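Fold and contact review
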Amino acid sequence: KRSFNKARNYYRKAMASKSLRPLERIDAFKRYAMTFKLERQKKKYSWKMEGLSKWLRKKKEWLKDPKVKEEYEDIRILTARAQWTVNYRSRAEKTLERIIADPTSSANTWSHAYWLLGKISVEKKKLEEAKEFFKTGLSQDVLSNDVLEKLSWSLGWAYYLEGDLKKAKDTFFVSEKRSNDTSFKRKLRFWQAKILKKLG
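Counting from 1, residues in each chain are numbered in the order their sequence is written. The predicted nature of this model means local features are confined to residues of pLDDT at least 70 and side-chain atom pairs, given and counted, to a pLDDT of 80 or more, with totals for whole chains, interfaces and linings taken over all residues. To get the side-chain values, all heavy atoms of the structure are used, and hydrogens and water are removed first.

**A look at the overall build of the chain**
- Secondary structure elements follow DSSP: runs of H or I of four or more residues count as helices, runs of E of two or more count as strands, with numbering from the N terminus. Counting its regular elements, the chain contains 10 helices and zero strands.
- Along the chain, helices and strands appear, N-terminal first, in the series α-α-α-α-α-α-α-α-α-α.
- Principal axes of the C-alpha set define a box for the chain whose edges measure 65 × 35 × 30 Å.
- Think of it in three bands: residues with accessible area under 20% of the maximum for their type are buried, residues over 50% are exposed, and the middle band is partly exposed, with areas taken using a 1.4 Å probe on protein chains only. Counting all 200 residues of the chain, 44% fall into the buried class.

See below:
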């Protein structure tokens, strides 16, 4: 009903309720933060997501649960994206650097952080730096289809735009072999074909 203050009051009660499970309390905090985004207060949303990350960092007992740990990692990535969206670029970079420096970060989260750092570098027109970030992210053996797609497409497209068609083709070829996503594999084959045509 767009009664944001009333909604926030309910969510704050849920966040503080010890009768709820940790994942439910985390979900309440995420929904609380989302009310600011829905109200078009995107900067406040980014601050609240940052607050959620800090709050969870202190819940060391909760983080022993793999599901809570996975949720925490997703929240850290969402926080960085929210910061970047509202032009808090340096804050986003610091958030991502903390993820990379954290030895408990999963390979997927670590690689996702490198993809975002690469995209920020593209925005800063530092293409060589961006490509290094994408390559480092791709260096992990096991990646989700989503992160593999983001990294390999970004790297291959950077090569393509530079006119380095062979490296673009090779990136798309290797990524096609790694991916399990049929639609993404088709997309990569299409671009490999376009590049091969350009190369004669």
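**Description of the nonpolar core**
- If you look at the biggest cluster of nonpolar residues, it comprises 32 residues, and the most contacted ones within it are L96, L116 and L151.
- For L116, the contacting residues outside a window of four places in its chain are I77, A80, R81, W84 and L96.
- Residues grouped as a nonpolar core are buried Ala, Val, Leu, Ile, Met, Phe, Trp, Tyr and Cys residues, joined through side-chain atoms within 4.5 Å. Listed in part, the 19 residues of the second largest apolar core include A28, L56, L63 and A82. It only takes one pair of heavy atoms within 4.5 Å for two residues to be counted as in contact.

**So, empty space enclosed by the protein**
- Grid spacing is 1 Å over the protein atoms alone, the probe is 1.4 Å, and a cavity is where that probe fits but cannot get out, while a pocket is an open set with protein on both sides within 12 Å along at least five of seven lines and lining residues have an atom within 4 Å of a point. Grid points are joined across faces, edges and corners, and a volume is the space filled by probe spheres set on the points. Counting across every chain of the model gives one cavity of 30 Å³ or more.
- A volume near 70 Å³ is recorded for the largest cavity.
- At four residues, helix α3 (residues 42–57) tops the list of elements feeding residues into the lining of the largest cavity.
- The residue classification treats Ala, Val, Leu, Ile, Met, Phe, Trp, Tyr, Cys and Pro as nonpolar and Asp, Glu, Lys and Arg as charged. All others, Gly included, are polar. When its residues are assigned to classes, the lining of the largest cavity shows no nonpolar, four polar and five charged.

**Re the packing of helix α4 (residues 66–85) against helix α6 (residues 107–123)**
- Convention adopted: a line fitted to C-alpha atoms gives each axis, helices being fitted over their contacting stretch, and angles between N-to-C directions are expressed from 0 to 180 degrees. Packing of α4 against α6 brings their axes to within 10 Å, and their N-to-C directions diverge by 5°. In this view, α4 runs roughly parallel relative to α6, as classed from their interaxial angle. Residues E73, I77, A80, R81 and W84 of α4 form the contact with α6, whose participating residues are T109, H112, A113, W115, L116, K119, I120 and E123.
- Here the residues of the contact of α4 with α6 sort into seven nonpolar, two polar and four charged. Should an angle fall under 35 degrees it is taken as roughly parallel, and over 145 as roughly antiparallel, whereas 65 to 115 is taken as roughly perpendicular and any remaining angle as oblique.

**Some thoughts on the environment of K54**
- Looking at the element boundaries, K54 is found in helix α3.
- Given a relative accessible area of 42%, K54 falls into the partly exposed group.
- Each C-alpha atom, one on K54 and one on R76, is 9.4 Å from the other, the two residues being 22 residues apart in sequence.

**Describing the pattern of salt bridges**
- Whenever Lys or Arg places a side-chain nitrogen within 4 Å of a carboxyl oxygen from Asp or Glu, that contact is recorded as a salt bridge. Under the criterion given, the structure shown has 18 salt bridges.
- In this structure, R31 and D27 form a salt bridge, with 2.8 Å as the shortest nitrogen-oxygen distance. Within this pair, R31 and its partner D27 are both found in helix α2 (residues 22–38), separated by four residues, close to a single helical turn.
- Take D27: its relative accessible area is 32%, and that puts it in the partly exposed class.
- Put simply, K69 and E73 hold a salt bridge, and the shortest N to O gap is 2.4 Å. One end of the pair, K69, and the other, E73, are both in helix α4, four residues apart, so they sit about a helical turn from each other. As far as the burial class goes, K69 and E73 line up, both buried.
- Through salt bridges with shared partners, a single ionic network connects E50, K54 and R91.

**Re the layout of surface pockets**
- Estimated volume of the largest pocket: approximately 190 Å³.
- Surrounding the largest pocket, K69, E70, E73, D74, I77, S106, N108, T109, H112, S144, D146 and V147 form its lining.
- Every element with two or more residues in the lining of the largest pocket is listed here: α4, α6 and α8 (145–162).
- A per-element tally of the lining of the largest pocket places α4 first, with five residues.
- The class makeup of the residues in the lining of the largest pocket is two nonpolar, five polar and five charged.

**Some words on the packing of helix α5 (residues 89–101) against α6**
- Where α5 contacts α6, the two axes come as close as 9 Å, and the packing angle between them is 150°. Looking at the two axes, α5 sits roughly antiparallel to α6. When the axes of α5 and α6 are compared, the crossing they make is left-handed. Across the interface between the two elements, R89, A92, E93, L96, I99 and I100 from α5 touch T109, W110, A113, Y114, L116, L117, I120 and E123 from α6. Crossing handedness follows the turn of the near helix against the far one: under a right angle anticlockwise gives a left-handed crossing, and clockwise gives a right-handed one.

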